[in-house]
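# Architecture and fold: a report
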Amino acid sequence: MPRPHLALLLPALLCPGLARATDFVVTSTADSGSGTLREAIEEANDDEGGAPHRITFDLGDTATIALESALDYLEHATTIDGIDGHPSASCQPRGTPHQLAVQIRAVPDSQLGVIRTLAPLTVRGLALVGYDDEGIILEGAAHGSSVQCSYFGMQLDGVTAEGSQGNDSIDIVEEDDILPTDVVIGTDGDGVDDDREWNLFVATDRAIRLKGPEPDGNLTGGTGVVIAGNLFGLAATGQAPPVDPKTGEPALGIQGDVIRVDGPYRGVQIGQPCTGGSPEQANVFGWFGDDALDIDGIDLGADELCFAGNQVHLTLGEELVGDHVAGSGIELDGGHYGLQVVSNRFARLTYGVRIDGADTFDQGIAPYAVQIDDNLFGDPNHPDRAVRRAVELSLVTGADITANAAYGGLEAEGYPSLAGAGANLSGSHATIEGNTFSGLTSAIRLLPEYHNVDPQSEMLGPDDILAVASITARTTCICQPGAIICFARPLRSNRGDSTTADKANRAHALSTGEYP
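Remember, it's a predicted structure, so these values are computed and weren't measured experimentally.

### Brief notes about the overall build of the protein
In terms of regular secondary structure, the protein is built from five helices and 38 strands. Residues counted as buried form 56% of the 516 residues belonging to the protein. Looking at the protein alone, contacts between residues at least 24 apart form 73% of all its contacts between residues at least 6 apart. Carbon and sulfur atoms make up 48% of the accessible area of the protein, which amounts to about 19400 Å² in all.

### A closer look at the nonpolar core
Nonpolar side chains tend toward joint burial in soluble globular proteins. Core analysis: the largest hydrophobic core is formed by 85 residues, its most contacted members being Ile115, Ile136, Ile208, Ile259 and Phe285. Take this core: its biggest share by element is six residues, from strand β32 (residues 389-402). Among all residues touching Ile208, those that are not within four sequence positions of it are Ile170, Ile185, Phe201, Ile227, Phe232, Val258, Ile259 and Arg260. Counting 22 residues, the second largest nonpolar core, distinct from the first, contains Ala101, Tyr151, Met154 and Ala203.

### Quick notes on the environment of Asp359
If you trace the backbone, Asp359 turns up in helix α3 (residues 358-361). Given the relative accessible area of 41%, Asp359 is considered partly exposed. Sequence-distant contacts of Asp359, that is, excluding residues within four places in its chain, are made with Asp296, Asp299, Asp333 and Gly334.

### With respect to empty space enclosed by the protein
For the coordinates displayed, the defined rule picks out four cavities of 30 Å³ or more. Taken together, Leu67, Ala70, Leu71, Ala106, Val107, Ser110, Gly113, Val114, Tyr131, Asp132, Asp133 and Glu134 form the lining of the largest cavity. Here the second largest cavity is characterised by a volume of approximately 50 Å³. Elements supplying a minimum of two residues to the lining of the second largest cavity: β32, β33 (405-407) and β34 (421-428). The greatest single-element share of the lining of the second largest cavity, amounting to three residues, is contributed by β32.

### Considering unusual backbone geometry
A cis amide bond links Ala51 with the next residue in sequence, Pro52, at an omega value of 5°. As for its position among the elements, Pro52 is in the loop between α2 (37-46) and β2 (53-57). Of note, the phi angle at Arg348 is positive, near 50°, even though the residue is not glycine. Position of Arg348 relative to the elements: it lies in the loop between β28 (345-346) and β29 (349-356). The buried category is assigned to Arg348, whose relative accessible area is 11%. One non-glycine residue, Ala369, lies in positive phi territory at about 55°. Position of Ala369 relative to the elements: it lies in strand β30 (residues 368-373). Classification of Ala369 as partly exposed rests on a relative accessible area of 39%.

### Digging into the environment of Leu349
Within the secondary structure layout, Leu349 lies in strand β29. Along the backbone, Leu349 and Asp290 are 59 residues apart, and their C-alpha atoms lie at a distance of 9.5 Å. Leave out the neighbours within four places in its chain, and Leu349 touches Phe288, Val312, His313, Val325, Ala326, Gly327, Ser328, Gly329, Ala386, Val387 and Arg388.

### Considering the packing of aromatic side chains
Considering all chains together, one arrives at eight aromatic pairs under this definition. Measuring from ring centre to ring centre gives 4.8 Å for Phe152 and Phe201, while their planes differ by 5°; the resulting arrangement is stacked. Within this pair, whereas Phe152 is found in strand β11 (residues 151-152), its partner Phe201 is found in strand β15 (residues 200-201), the two being separated by 49 residues in sequence. In this pair, the class of Phe152 matches that of Phe201, namely buried. Between Tyr337 and Tyr368, the aromatic rings sit 5.2 Å apart at their centres with planes inclined by 20°, giving stacked as the arrangement. Highlighted residues: Tyr337 in the loop between β26 (326-333) and β27 (340-342) and Tyr368 in strand β30, separated in sequence by 31 residues. By relative accessible area, which is 40% here, Tyr368 ends up partly exposed. Among the aromatic residues, those joined into a cluster by ring pairs are Phe152, Phe201, Phe232, Phe285, Phe307, Phe346 and Phe377. A cation over a ring is seen here: Arg354 above Tyr351, with NZ or CZ 5.2 Å from the ring centre.

### Considerations on the pairing of strand β16 (residues 206-211)
Extensive coverage of β16 is indicated by the burial of five of its six residues. Of the strand pairs in this sheet, strand β12 (residues 168-173) and β16 are connected by five bridges, and their pairing is parallel. Bridging across to β16, Asp171 finds its partner in Arg209. With four bridges joining them, β16 and strand β20 (residues 259-262) adopt parallel strand pairing. If you follow Leu210 over to β20, its bridge partner there is Val261.

### Some details on a negative patch on the surface
On the surface, a cluster of negative charge is made up of Glu42, Asp46, Glu48, Asp72 and Glu75. Secondary-structure assignment places Asp72 in the loop between β3 (63-66) and β4 (78-81). The class of Asp72 is partly exposed, set by a relative accessible area of 37%.

### Let's talk about the pattern of salt bridges
Two side chains bearing opposite charge may form a pair once their charged atoms approach each other closely. One pass over the full model with this rule turns up 17 salt bridges. Two residues, Glu162 and Arg105, come together in a salt bridge whose shortest N-O distance is 2.6 Å. In this pair, Glu162 is assigned in the loop between β11 and β12 and Arg105 in strand β5 (residues 102-105), connecting sequence segments 57 residues apart. What makes Glu162 buried here is its relative accessible area of 19%. For Arg260, the salt bridge identified is with Asp294, shortest N-O distance 3.0 Å. Residue Arg260 is located in strand β20, and its partner Asp294 is located in strand β23 (residues 293-295); the two are separated by 34 residues in the primary sequence. For the residue pair Arg260 and Asp294, the accessibility class agrees, reading buried in each case. Each of the salt bridges in this network shares a partner with another, and the network as a whole consists of Arg209, Asp257, Arg260, Asp262 and Asp294.

How each quantity is defined
Residues numbered from 1 in each chain as written. Predicted model: local features only at pLDDT ≥ 70, side-chain atom pairs only at ≥ 80, totals over all residues. Heavy atoms only, no water. Helix = DSSP H or I, 4+ residues; strand = E, 2+ residues; numbered from the N terminus. Buried < 20%, exposed > 50% of the residue type's maximum accessible area, 1.4 Å probe, protein only. Contact = heavy atoms within 4.5 Å. Areas by Shrake-Rupley, 256 points an atom, 1.4 Å probe, with all protein chains shown as cover. Core = buried A, V, L, I, M, F, W, Y, C linked by side-chain atoms within 4.5 Å. 1 Å grid on protein atoms, 1.4 Å probe; cavity = no way out; pocket = protein on both sides within 12 Å on 5 of 7 lines; lining within 4 Å. Points joined across faces, edges and corners; volume = space filled by probe spheres on them. Phe/Tyr/Trp six-rings, centres within 6.5 Å; stacked < 30°, edge-to-face > 60°. Lys NZ or Arg CZ within 6 Å of the ring centre and 35° of its normal. Pairing = 2+ DSSP bridges. Patch = residues over 30% accessible without salt bridge, like charges linked within 9 Å, V, L, I, M, F, W, Y side chains within 5 Å. Salt bridge = Lys/Arg side-chain N within 4 Å of Asp/Glu carboxyl O. Lys, Arg positive; Asp, Glu negative; His and termini not counted. Charge placed at Lys NZ, Arg CZ, Asp CG, Glu CD.

Now the structure itself:
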């Protein structure tokens, strides 16, 4: 069995009532037996009084542990550290690959996950590869867990993909009506080594999933989750992943959603805090097939989420990650409230931010208190980075869309399909102020397929103007010819580069009762 370090046990031997920490050192790459990771986990589970435990590795320069069966769930607070004590392993700043020494290869075709815990877990400096389901499962009372300086789906060389053919790299999931709380994936933002705490997620269907049931009075936890400073669907250098000539897609890409929230987790921070943070906290979402963030599968409870300071469908150096047009930067379905989208850069997407309240509208519940501020959709100097629809809000109450910039793709540059709308809206109580819309087929478009709702929540038909007036009173839509709904002159400091005067003036008259 792994031998605990005597120096760490001595205080507990002298003072039996004193809590102690126990180290277990992995010295064998075998699946089972003396000195193996499996034995270390089993012994840690048997040593309740010695928690929190620490598992480190003494396996030479680099080593791969190839599992033949699933490891036990960790039952007590444990750190698994592939960096500490290793002479050549180190966490590096973003842009430079980590120097990792310990790789864990999952059981082939296993659906059980690689590292699983029911208690607080810290993972640092590991490469997890070959999993067909989850790499890490943080379950129930895994409060205060953190995962840093690790690779998922990438081998130790920082070049070769060996990813998941199944679901998620990290699952955060409910158990016994408990949702994990205060979990950090990536940079913790404490100012100590923040630039070295990033994780790399590649070659998987989804990188991170927050799972749980619809909220009820029995659920506890689910607050304080932070996902910051990570690289998704990129090379370990932060550059665009190479494209496989056979498939036309990069082997390092995220095939589905990057982050999916389908549980009632409150106050999730993805990137920087919405009140401001450091550049090291920004996530970089590289190549992905569907959405960077998808909040779906649950109607209520994923409230007050902050998505701030991130780069979406770009490289670490803010270059375009590829030629394909991905899904959405943010996709939200249901009646969740308090979403904040602040100071992000979105490029070459179908939607920048898309929020749809139809799933809960018949229950009298709509997404509300949405803040979309200071984001860049597309790029004025790069028409190939345009977002087809910067913002689309359906049946949303109380939206604040302020100080954003949306730039369309120019037909003359060969990107006619990317010239889109700045904002498509239905709902009520929206404030749209201080934005820049340029080169778009329509800057503000009122969606006809849903009923709008006036301030008293009375149902109105799609041709009624009360809700339209509440949305458009502070808005200027600057559009290309053929725009659906525009306004000819600036109101409350929104700016743009072209107008369609006749249609614009008619729309202004409809919403205000005054013809300019």
